[in-house]
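# Reading the structure
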Amino acid sequence: RDIERVKRAESEARFERIFDSSPLPKQIHALATGDLVAINDAHERLFGYSLDEIRGPDAWFAQAYPDAVLRASLQPTWKEAVEQARATSTPVESPELRIRCKNGAERIVRGRVAVAGDDVVVTWIDLTDIRRGEAALRDSERRFRGLVERSVAGFYVVRDGRILYANERAAAILGRRVEDIVGHDAMEDRKSTRLNS
C-alpha cells in the first residue's frame, strides 16, 4: 500500500509539472461539480484572469462570455462535450470560440476537452494571430485586385505555363474575353495573343 501511495504521489507530481510548464493554456474542472479548480501559467498569461477570479462552475463562463445569450447557448454544448469525452475516453474539440480576456480584448481559440479520472482538462489553442493574419491577407488581396481591375495596364499571371488570372484590360488588349484567356496554356496561339512576347 505504501508503494502504491508513493507511485500515485509521484504520478500526480509529474502531471502537475507537465500541467504547469505547458506552453498551452490549460484548465482543470472537477468532473462532479464543474468547478474550475486549476489553471496553468500560460492560461493566466493569455486570458489575464487569476484562478480566484474564475473559480467555480459559472465564474469562468461569466468572465469569458459576458453576453448572457451566448453563454446560455454554450453551457449545454460544454456539458455535451464533457459527457462525450468521458464516454468515449477521447478528447473532444470545440468549434472556434471568442473569449473575452480580463483586459477586454478577445482571443479566438479552440478548446480540447479530455476527461482524466475525476477531472476535465481543457487545453486551449490560440488562433487569434493566425485569423488576424488571414483577414489582413484577404484585405490586401481585395485591395490589390481592385487596383489591378481598374488599371489601364493589362495584367496577367502565369503559373506552370497556364494563365491563372487576367484583368479586363489585358483581355481588351488581346481582343478576347477574360474567360477565354484564364486557364489556358500561355503558349497557345502565341502570335495572336502575344502573351509571351
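Scroll up to find the structure.
Now for a description of the structure that goes with this document. Counting restarts for each chain, with residues numbered from 1 along the sequence as it is written. Residue-level local features of this predicted model are given only where pLDDT is at least 70; pairs of side-chain atoms are given and counted only at 80 or more, and the full residue set underlies all totals for whole chains, interfaces and linings. Heavy atoms from the whole structure form the basis of all side-chain values; hydrogens and water molecules are not counted.

Looking now at helix H6 (residues 128-149). Helix and strand labels come from DSSP, where a helix needs a run of H or I of at least four residues and a strand needs a run of E of at least two; each type is numbered from the N terminus. Here the expected length of a helix is defined as 1.5 Å per residue gap, with one fewer gap than residues. Given a rise of 1.5 Å per residue, 22 residues ought to cover 32 Å, and the 31 Å separating the end C-alpha atoms of H6 matches this to within 8%. Looking at H6, one finds that the buried residues are Thr128, Gly146 and Val148. Whether two residues are in contact is decided by their heavy atoms: any pair within 4.5 Å suffices. The inward-facing, buried residues of H6 contact strand S4 (106-116), strand S5 (119-126) and strand S7 (162-166). We call a residue buried when its accessible area falls under 20% of the maximum for its residue type, exposed when it is over 50%, and partly exposed in between, using a 1.4 Å probe and counting protein chains only.

For this document, the term salt bridge refers to a Lys or Arg side-chain nitrogen within 4 Å of an Asp or Glu carboxyl oxygen. For the structure on display, the rule yields 13 salt bridges. Put simply, Arg110 and Glu96 hold a salt bridge, and the shortest N to O gap is 3.5 Å. In this pair, Arg110 sits in strand S4 while Glu96 sits in strand S3 (residues 92-100), placing the two residues 14 residues apart along the sequence. In this structure Arg110 comes out as partly exposed when scored by relative accessible area, which is 25%. A salt bridge links Asp180 to Arg177; the shortest N-O distance between them is 3.1 Å. For Asp180, a relative accessible area of 27% gives the class partly exposed.

Looking now at the layout of surface pockets. A water-sized probe rolled over the atoms picks out the places where empty space is left. Definitions used throughout: a 1 Å grid over protein atoms alone; a cavity as a set of points that fits a 1.4 Å probe which cannot get out; a pocket as an open set with protein on both sides within 12 Å along at least five of seven lines; a lining residue as one with an atom within 4 Å of a point. Grid points are joined across faces, edges and corners, and a volume is the space filled by probe spheres set on the points. Taken as a whole, the largest pocket encloses approximately 260 Å³ of empty space. Considering the residues around the largest pocket, the lining is formed by 19 residues, among which Thr77, Trp78, Ser94, Leu97 and Val113 are closest to the centre. Sorting the residues of the lining of the largest pocket by element identifies strand S1 (26-30), helix H4 (59-64), helix H5 (68-88), S3, S4 and S5 as the ones contributing at least two each. Residues are grouped as follows: Ala, Val, Leu, Ile, Met, Phe, Trp, Tyr, Cys and Pro are nonpolar; Asp, Glu, Lys and Arg are charged; all remaining types, including Gly, are polar. Per-class residue counts for the lining of the largest pocket are twelve nonpolar, six polar and one charged.

A pair of aromatic rings is counted whenever rings of Phe, Tyr or Trp (Trp by its six-membered ring) have centres within 6.5 Å, and the orientation is called stacked for planes under 30 degrees apart, edge-to-face for over 60 and tilted otherwise. Inspection of every chain in the model, using the stated rule, returns six aromatic pairs. On the numbers, 5.5 Å between centres and 65° between planes, the contact of Phe47 with Trp60 is edge-to-face. One end of the pair, Phe47, is in helix H2 (residues 41-47); the other, Trp60, is in helix H4, with 13 residues separating them in the sequence. The residues Phe47 and Trp60 share a single accessibility class, namely buried. Summarising the aromatic geometry, the rings of Phe47 and Trp124 are spaced 6.2 Å apart at their centres and angled 80° between planes, so their arrangement reads as edge-to-face. Placement of Phe47 in helix H2 and of Trp124 in strand S5 is noted, with a sequence separation of 77 residues between them. As far as the burial class goes, Phe47 and Trp124 line up, both buried. One aromatic cluster is present, built from ring pairs that chain together Phe47, Tyr49, Trp60 and Trp124.

Interpretation note: all reported values are geometric properties and have no functional meaning in isolation.
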